[in-house]
Amino acid sequence: MRFKPDVSRYKYPEKTDQHMIDVKHQVDTNFDENHRYYNNTFWYHVLRFFANIIIIFILHPFMYFRYGVKVEGKENVKKAKKIKGSVMTICNHVFMMDYLVVNRALRPKLGYIMAWPINFEGPNRHFIKVVGGVPIPTKFKALRKFDEAIDNIINDGHWLHVYPEGSMWFYYPKIRPLKKGCFKIAYKHNIPILPMAISYRPRKGFFALYNKKEPLVTIRVGEPIYIDHNLEKHDAIFDLQKRATHEMQILAGITPDDPDYFTLES
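The following refers to the structure shown. If you're wondering where the values come from, they're calculated on a predicted model, not measured in any experiment.

This part is about the environment of Val23. As for its position among the elements, Val23 is in the segment before helix 1 (42-67). Considered as a pair, Val23 and Asn76 are 53 residues apart in the sequence and their alpha carbons are 34 Å apart. Excluding anything up to four places from it in sequence, Val23 contacts Trp116, Ile118, Asn119, Gly122 and Pro123.

Attention shifts here to a nonpolar patch on the surface. Residues Phe49, Phe50, Ile53, Ile54, Phe57 and Ile58 make up a contiguous nonpolar surface patch of about 650 Å² in total accessible area. With respect to the helices, strands and loops of the structure, Phe49 is situated in helix 1.

This part takes up the pairing of strand 7 (residues 216-221). Of all six residues in strand 7, five are buried; the element is thus mostly enclosed. Pairing between strand 1 (residues 70-72) and strand 7: three bridges, direction parallel. By the bridge assignment, Val71 is partnered in strand 7 with Ile219. In terms of strand pairing, strand 6 (residues 193-201) meets strand 7 through six bridges, oriented antiparallel.

On the surface, a cluster of positive charge is made up of Lys74, Lys78, Lys82 and Arg107. Structurally, the position occupied by Lys78 is in helix 2 (residues 74-81). Residue class for Lys78 comes out exposed when judged on its relative accessible area of 59%.

Okay, the sheet that holds strand 3 (residues 112-115) next. One open sheet accounts for seven strands, arranged 1-7-6-2-5-3-4; its pairing is mixed. In the strand order of this sheet, the two ends are held by strand 1 and strand 4 (133-135), each with one partner. The average angle at which neighbouring strand axes cross in this sheet is 25 degrees, direction not considered. Sheet strands in contact with helix 3 (residues 98-106) are strand 1, strand 2 (88-90), strand 3, strand 5 (160-162), strand 6 and strand 7, and its direction is about 120 degrees off that of strand 6.

Before going further, it helps to spend a moment on the pattern of salt bridges. Enumeration over the complete set of coordinates arrives at 11 salt bridges. Its salt-bridge partner being Asp17, residue Lys179 comes within 2.6 Å of it at the nearest N-O pair. Taken together, the residues span a long stretch of sequence, with Lys179 in the loop between strand 5 and helix 6 (181-189) and Asp17 in the segment before helix 1 at a distance of 162 residues. Judged by its relative accessible area of 29%, Asp17 is partly exposed. A salt bridge links Asp239 to Arg243, with the shortest nitrogen-to-oxygen separation between them at 2.9 Å. Of this pair, Asp239 and Arg243 both sit in helix 7 (residues 233-251), four residues apart, which is roughly one turn of the helix. By relative accessible area, which is 19% here, Asp239 ends up buried. Judged by relative accessible area, which is 31%, Arg243 ranks as partly exposed. In the salt-bridge network here, residues are joined through shared partners; they are Arg2, Lys4, Lys174, Asp258 and Asp260.

In this section: the side chain of Glu214. For Glu214, the position within the fold is in the loop between strand 6 and strand 7. Not counting the four nearest positions on each side in its chain, Glu214 is found in contact with Arg9, Arg66, Tyr67, Tyr171 and Arg203.

A few words on the packing of aromatic side chains. All chains considered together, the criterion is met by 20 aromatic pairs. Seen from their ring centres, Tyr37 and Phe146 are 6.3 Å apart, and the 85 degrees between their planes marks the pair as edge-to-face. Placement of Tyr37 in the segment before helix 1 and of Phe146 in helix 5 (residues 140-155) is noted, with a sequence separation of 109 residues between them. The exposure classification of Tyr37 matches that of Phe146, with both residues buried. Look at Phe206 and Phe207: their rings are 5.8 Å apart centre to centre, the planes differ by 70 degrees, and that puts the pair in the edge-to-face class. You can call Phe207 buried: its relative accessible area is 12%.

Procedures and definitions
- Residues numbered from 1 in each chain as written.
- Predicted model: local features only at pLDDT ≥ 70, side-chain atom pairs only at ≥ 80, totals over all residues.
- Heavy atoms only, no water.
- Helix = DSSP H or I, 4+ residues; strand = E, 2+ residues; numbered from the N terminus.
- Contact = heavy atoms within 4.5 Å.
- Patch = residues over 30% accessible without salt bridge, like charges linked within 9 Å, V, L, I, M, F, W, Y side chains within 5 Å.
- Areas by Shrake-Rupley, 256 points an atom, 1.4 Å probe, with all protein chains shown as cover.
- Salt bridge = Lys/Arg side-chain N within 4 Å of Asp/Glu carboxyl O.
- Buried < 20%, exposed > 50% of the residue type's maximum accessible area, 1.4 Å probe, protein only.
- Pairing = 2+ DSSP bridges.
- Lys, Arg positive; Asp, Glu negative; His and termini not counted.
- Charge placed at Lys NZ, Arg CZ, Asp CG, Glu CD.
- Axes fitted to C-alpha atoms, helices over the stretch in contact; angles between N-to-C directions.
- Phe/Tyr/Trp six-rings, centres within 6.5 Å; stacked < 30°, edge-to-face > 60°.

Structure representation (structure tokens):
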């Protein structure tokens, strides 16, 4: 039976894609049609190279000490790395630093990540930028520039990470409904999706001596999911969304006989 952490101290929003945190605003950034959403300069990649070294040798050990991070399904990551070109990775979003858990599963791969624009104006903005953060604009005119950036990221062969639930909920034990947008992107570019899910473990042994309010975490990686080209566009996108939802629930330990399991209806 899967472990459900105590989340009684949290109040989750009514809408499943609604944010439950307030990011401390520190700088103003105009995410309009003139903003550079995709940084592909030489010096930016040099910076990312050294940042990735710091992440692997300093932040990953820190995450193991704090959360006891375990990775299962590494063989599926190896399969995905053999795919020529871009891959879209998806995962549930369950605490502030869970991208480091995703990164631990994929290392040393460091792709780009679609992110909440407010995060680029808060205290973690520099880290989010250096790991490849791409702000999702809210202004209509900026969406074309954003779409072009995503197109270029994928066309250049970089991996793209998306949190398809749309927001972060602390240690939420279920998988929330996945937004359709990322599956439209995958269909448009004909790229596979690598599903992942974070689940929880109780603190035992050494880990039970500290940080008792937070559970230990396990990230499981599933097999790449490919588009069914026998279907029409609308049906193929829905089929991709449906299979990804099922796979993420299974990876999180939520089986069809679990009351938290749900299926998408067309």
